[in-house]
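Summary of structural features
The residues making up each chain are set out below.
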Amino acid sequence: MKVSPTLIYDENIPLVPELLGDHFDCQALPSHLITQKNIKAADVLFVRSVTKVDEALLSGSSVKFVGCPTSGYEHFDNEWLAKNEITWTVAPGCNAISVADYVIACIARLRLAKKLPCDKTINIGIIGFGPVGMTVFERLKHLDANLHSYDPPKAQLDSTFSSCSLETLQDCDLICVHCSLT
């Protein structure tokens, strides 16, 4: 009889057994019960950003891979994970469409509340031009707005991208921030 590796996952991550149940023994836990004691026998761990992934959680466990279906990774102790040969991944941009829709809804609400003028072109600054910032930009192109993207690190790495100046951002009617915490 083949023994499947154990995958423990946060119960708020949908469809894990449906997608991976043929390959893993999938066990759901509420996030507050994802503790060192409860994951000791896990081979794989899926968490959300509410769970700190570090020595206190993983020391003495069998975990060799940690996944998180969010874009940020500030809850990971990268040095400790690397030193202990534990692979991890996150999902940058996974929320891009939802964030872009939310920004559009916020602009509509501001206009309805007469906080943003409806009778003139507005200037919108987008700080961070990764997967989320780019998706927001694409959605906002269809509004009557002047768009200004600010991402100096991206401009250094990508000669086709031009970052606006901080002075340009200061003149914007609205600024949205889509850069990682790190």
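This text gives an overview of the structure that appears in the document. (Residues numbered from 1 in each chain as written. Predicted model: local features only at pLDDT ≥ 70, side-chain atom pairs only at ≥ 80, totals over all residues. Heavy atoms only, no water.)

Brief notes about the sheet that holds strand 1 (residues 6–10)
Ordered in space as 2-1-3-4-5, the 5 strands form an open sheet in which the pairing is parallel. If you trace the sheet from one side to the other, it starts and ends with strand 2 (25–29) and strand 5 (87–89), each paired once. Between one strand axis and the next, the sheet turns through 15° on average, direction left out of account. Relative to strand 5, strand 4 (residues 65–67) runs parallel, the two sharing 3 bridges. Across the sheet, the residue bridging to Phe 65 is Thr 87, located in strand 5. (Pairing = 2+ DSSP bridges. Helix = DSSP H or I, 4+ residues; strand = E, 2+ residues; numbered from the N terminus. Axes fitted to C-alpha atoms, helices over the stretch in contact; angles between N-to-C directions.)

Re the packing of aromatic side chains
If you walk through the whole model with that rule in mind, you get 4 aromatic pairs. Between Phe 129 and Phe 137, the ring centres sit 5.5 Å apart and the planes meet at 85°, which makes this aromatic pair edge-to-face. You'll find Phe 129 and Phe 137 in the same group, each marked buried. Every member of this aromatic cluster is reached through a ring pair, and the members are Tyr 73, Phe 76 and Trp 88. Positioned above the aromatic ring of Phe 161, the side-chain terminus of Lys 154 is 5.8 Å from the ring centre. (Phe/Tyr/Trp six-rings, centres within 6.5 Å; stacked < 30°, edge-to-face > 60°. Buried < 20%, exposed > 50% of the residue type's maximum accessible area, 1.4 Å probe, protein only. Lys NZ or Arg CZ within 6 Å of the ring centre and 35° of its normal.)

What to know about the sheet that holds strand 6 (residues 122–127)
Strand order in the open sheet formed by 3 strands is 7-6-8, with parallel pairing between adjacent strands. The open sheet has two edge strands with one neighbour each: strand 7 (145–150) and strand 8 (174–177). Strand-to-strand, the axes of this sheet are offset by a mean angle of 20°, without reference to chain direction. Note that strand 6 and strand 7 share 6 bridges and pair parallel. Directly across from Ile 127, in strand 7, lies its bridge partner Tyr 150. Contacts between helix 6 (residues 131–140) and the sheet are confined to strand 6, strand 7 and strand 8, with strand 6 contributing the most and set at about 165° to the helix. (Contact = heavy atoms within 4.5 Å.)

Considering the nonpolar core
Ile 107, Ile 124, Ile 126, Val 136 and Leu 140 are the most contacted members of the largest nonpolar core, which totals 19 residues. Residue assignment for this core shows that the elements contributing at least two residues are helix 5 (96–112), strand 6, helix 6, strand 7 and strand 8. Ranked by the residues each element gives to this core, the list is headed by helix 5, at 5 residues. Filtering out sequence-adjacent residues up to four positions away, Ile 124 remains in contact with Ile 107, Leu 140, Ala 145, Asn 146, Leu 147, His 148, Cys 172 and Leu 174. (Core = buried A, V, L, I, M, F, W, Y, C linked by side-chain atoms within 4.5 Å.)

Side note on helix 5
The α-helix winds at 3.6 residues per turn, so residues separated by three or four positions along the chain end up facing the same way. Along its 17 residues, helix 5 runs 24 Å from first to last C-alpha, staying within 8% of the 24 Å computed at 1.5 Å per residue. Taken as a whole, helix 5 has its buried residues at Ala 96, Val 99, Ala 100, Val 103, Ile 107 and Arg 111. Buried residues in helix 5, looked at end-on, bunch into an arc of 115°, giving them a common side. Structural note: helix 5 exposes Ile 97, Ser 98, Tyr 102, Arg 109 and Leu 112 on the side pointing more than 90 degrees away from its buried face. Of the surrounding secondary structure, the elements contacted by the buried residues of helix 5 are strand 6, helix 6 and strand 8. At the C-terminal side of helix 5, Lys 114 shows a positive phi close to 60°. (Expected span 1.5 Å × (residues − 1). Arc of directions from axis to C-beta.)

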